[in-house]
Amino acid sequence: MAGSYVDCHCHMTAEEFAQAGVRALVSVTERVGELERLLRLSERYPNYVMPCFGVHPIQSKAEGYRSVTLQDLEPALEKFEKYKDHLVGIGEIGLDFTPWLTPTAKEREEQLKVFQIQLDIAKKLDLPVSVYSRPSANASSQLRVTPTEVNWESRDTHGHLPIYDLPGGGSQWPSHL
């Protein structure tokens, strides 16, 4: 694979996404409703679009953005199990304790619960995670998210992408091989 690249964190379902000549895409979701579209793209472009599924800590609504709730996660729970053989990872999940987004301890605790549940699912399914972490590095580092690997080439044993812990919190898949 000399000279090849894998974009290991993209939002293919976002309007701003444009193909840039990469070898494969590990595409994440932010909301439950994005999964079926991403799976269709994965079926249409096998070994190119590698789907991850997760519920992002920031959710949008007509009035703007808000913190994720357990109610947002609930419809995703059955989909993790149903589509586990189609996923290369769980993501994008994580924490965002921006004060205007999570002004109360209750909101931060609920966001932590949503994150921890998804980490538990990733562990159960033996899948890596794509972690989003803004002003919450201390909280996510306390959860001890450890580096892992994801098969990306034909979902077999030929290629692995390590996840690296970043200084200041969070994890990141490398942007090239």
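From a predicted model like this one, the values you see are computed outputs, not experimental measurements.

Draft legend 1. Region of the structure containing the packing of aromatic side chains. Summed over the entire model, instances satisfying the criterion amount to one aromatic pair. Note on F53 and F80: the rings are 4.8 Å apart at their centroids and 45° apart in plane angle, and the pair reads as tilted. With F53 in the loop between strand 3 (49–51) and strand 4 (58–61) and F80 in helix 2 (residues 70–82), this pair connects stretches of sequence that are 27 residues apart.

Draft legend 2. Representation of the environment of R40 within the structure. Examined against the element boundaries, R40 turns out to sit in helix 1 (residues 35–44). Sequence spacing of R40 and P51 is eleven residues, and the spatial spacing of their C-alpha atoms is 9.9 Å.

Draft legend 3. View of the pairing of strand 7 (residues 129–133). Summarising burial for strand 7: four of the five residues are buried, a large majority. Traced from strand 6 (residues 90–95) through helix 3 (residues 105–125) to strand 7, the parallel crossover comes out right-handed.

Draft legend 4. Representation of the pattern of salt bridges. In this structure the tally under the stated criterion is six salt bridges. With a closest N to O distance of 2.6 Å, K79 and E36 form a salt bridge. One end of the pair, K79, is in helix 2; the other, E36, is in helix 1, and 43 residues separate them in sequence. With its nearest N and O atoms 2.7 Å apart, the salt bridge here joins D72 to R66. On the basis of relative accessibility, which here comes to 25%, the residue R66 falls in the partly exposed class. Through salt bridges with shared partners, one network takes in E30, R31 and E34.

Draft legend 5. Highlighting helix 1. Looking only at helix 1, the buried set comprises L35, L38, L39, L41 and S42. Along the long axis of helix 1, the arc covered by the buried residues comes to 160°, so they all point the same way. For helix 1, the exposed residues set more than 90 degrees away from the buried face come down to R40, E43 and R44. Elements in contact with the buried residues of helix 1: strand 2 (24–27), strand 3 and helix 2.

Draft legend 6. Representation of unusual backbone geometry. Residue E92 is reached from G91 by a cis peptide bond, and omega for that bond is 10°. Locating E92 in the fold gives a position in strand 6. Backbone geometry at N47 places phi at a positive 65°, although glycine is not the residue there. With respect to the helices and strands, the residue N47 is situated in the loop between helix 1 and strand 3. Classification of N47 by relative accessible area gives partly exposed; the value is 36%. One non-glycine residue, D126, lies in positive phi territory at about 60°. Among the structural elements, D126 can be located in the loop between helix 3 and strand 7. Residue class for D126 comes out exposed when judged on its relative accessible area of 67%.

The rules behind each value
Residues numbered from 1 in each chain as written. Predicted model: local features only at pLDDT ≥ 70, side-chain atom pairs only at ≥ 80, totals over all residues. Heavy atoms only, no water. Phe/Tyr/Trp six-rings, centres within 6.5 Å; stacked < 30°, edge-to-face > 60°. Helix = DSSP H or I, 4+ residues; strand = E, 2+ residues; numbered from the N terminus. Buried < 20%, exposed > 50% of the residue type's maximum accessible area, 1.4 Å probe, protein only. Right-handed = clockwise from strand over helix to strand, strands pointing away. Salt bridge = Lys/Arg side-chain N within 4 Å of Asp/Glu carboxyl O. Arc of directions from axis to C-beta. Contact = heavy atoms within 4.5 Å.

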